[in-house]
Structures are given as structure tokens and as C-alpha cells.
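An overview of the molecular structure
Residue strings, one per chain:
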Amino acid sequence: MFANTPEPPYYAVIFTSQRTEKDDEGYERTANLMVDRASKQEGFLGVESSRDKDGLGITVSYWDSLDAIKNWKENNSHKKVQEKGKNDWYSGYTTRICKVERDYTSI
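In this report, we go over the structure that sits alongside the text. (Residues numbered from 1 in each chain as written. Predicted model: local features only at pLDDT ≥ 70, side-chain atom pairs only at ≥ 80, totals over all residues. Heavy atoms only, no water.)

Further remarks concern the sheet that holds strand E1 (residues 10-19). Reading across the sheet, the 4 strands line up as E2-E3-E1-E4 and stay open at both edges, with antiparallel pairing between neighbours. Where the open sheet ends on each side, the last strands, each with one partner, are strand E2 (44-51) and strand E4 (90-100). On average, adjacent strands in this sheet sit at an angle of 15 degrees to one another, irrespective of strand direction. Where E1 meets E4, 10 bridges bridge the pair, whose relative direction is antiparallel. Looking at the pairing, arginine 19 lines up with tyrosine 90 of E4. Strand contacts of helix H3 (residues 76-89): E1 and E4, with the helix running at about 140 degrees to E4, the strand carrying the most contacts. (Pairing = 2+ DSSP bridges. Helix = DSSP H or I, 4+ residues; strand = E, 2+ residues; numbered from the N terminus. Axes fitted to C-alpha atoms, helices over the stretch in contact; angles between N-to-C directions. Contact = heavy atoms within 4.5 Å.)

Structure follows, in C-alpha cells:
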């Protein structure tokens, strides 16, 4: 499903990750919980996520400001899950933060 974002500008956090084979059920449950909690954060606009059969995933979350992104990164429950991800769920990851200047939609 496409995130329903406002007119630009806004920000995108692109999280690209490679999953390990550890704890698929716990990972899925926690990922859904984090989306739910992020959606309650001030400045959250939406999220889109996909993962292929080999474990490569891309999650893009959308935010109205850099401050909102910073506040989510520093959220206590999110910080705990970040550590779990580093230690157990990901063999590698990259986070990119971008300003969306334009977008085009055809649905």
C-alpha cells in the first residue's frame, strides 16, 4: 500500500537491511509494533516496506521534519529495538535521510 503523503516538501527515511535467519516471528511482531508506535509519533506521515525472499528489505518512513525524525530515533522503545536489530536481526543495514522535493503519483 502507498503512504498517503502531503504535498512536498517532507522527509523520507530509507532503511535498507539484510535480515539474518534469527527469530522471524519475533521480528515480524516487533516490526508491526514499531510501525504502530511510529504512527503515533508527532510528525509521522506514513510508511512503505518490502522484503524479498533472500532477506533484503527496504522500509521508507515519511516525516514532516528533521526534528520529527530525530525524536523517533531517540524514542526509548525504538532505541531498544534498534539494539536488538543490530545484535540479532540484521547482518547489515543502511539508513538514508532525504528531503522530498517533488513526488508524482499514478494510481
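Let us now look at the pairing of E2. Relative to strand E3 (residues 56-63), E2 runs antiparallel, the two being bridged by 7 bridges. What sits directly across from phenylalanine 44, in E3, is tryptophan 63. Once E2 ends, the chain turns through 4 residues before running back antiparallel as E3, passing glycine 55 with a positive phi of about 95 degrees.

One can describe the packing of helix H1 (residues 24-39) onto H3 by two numbers: an axis separation of 11 Å at closest approach and a directional angle of 150 degrees. Compared by their axis directions, H1 and H3 come out roughly antiparallel. Between H1 and H3 lies a crossing whose hand is left-handed. For the pair H1 and H3, contact is made by Gly26, Tyr27, Thr30, Met34 and Arg37 and by Ser77, His78, Val81 and Trp89, respectively. By residue class, the composition of the contact of H1 with H3 is 4 nonpolar, 4 polar and 1 charged. (Parallel < 35°, antiparallel > 145°, perpendicular 65-115°, else oblique. Left-handed = near helix turned anticlockwise from the far one by under 90°. Nonpolar A, V, L, I, M, F, W, Y, C, P; charged D, E, K, R; others polar.)

Before going further, it helps to examine the environment of alanine 38. Along the polypeptide, alanine 38 turns up in helix H1. By relative accessible area, which is 5% here, alanine 38 ends up buried. Between the alpha carbons of alanine 38 and glutamine 82 there is a distance of 13 Å; along the sequence they are 44 residues apart. Residues within four places of alanine 38 in sequence aside, it is in contact with Phe44, Trp63 and Trp72. (Buried < 20%, exposed > 50% of the residue type's maximum accessible area, 1.4 Å probe, protein only.)

Turning next to the pattern of salt bridges. One pass over the full model with this rule turns up 7 salt bridges. Glutamate 25 is paired through a salt bridge with arginine 29; the nearest N and O atoms lie 3.5 Å apart. Taken together, the positions of glutamate 25 and arginine 29, both in helix H1 and 4 residues apart, correspond to about one turn of that helix. If you follow the salt bridges from partner to partner, you end up with Lys22, Lys84 and Asp88 in one network. (Salt bridge = Lys/Arg side-chain N within 4 Å of Asp/Glu carboxyl O.)

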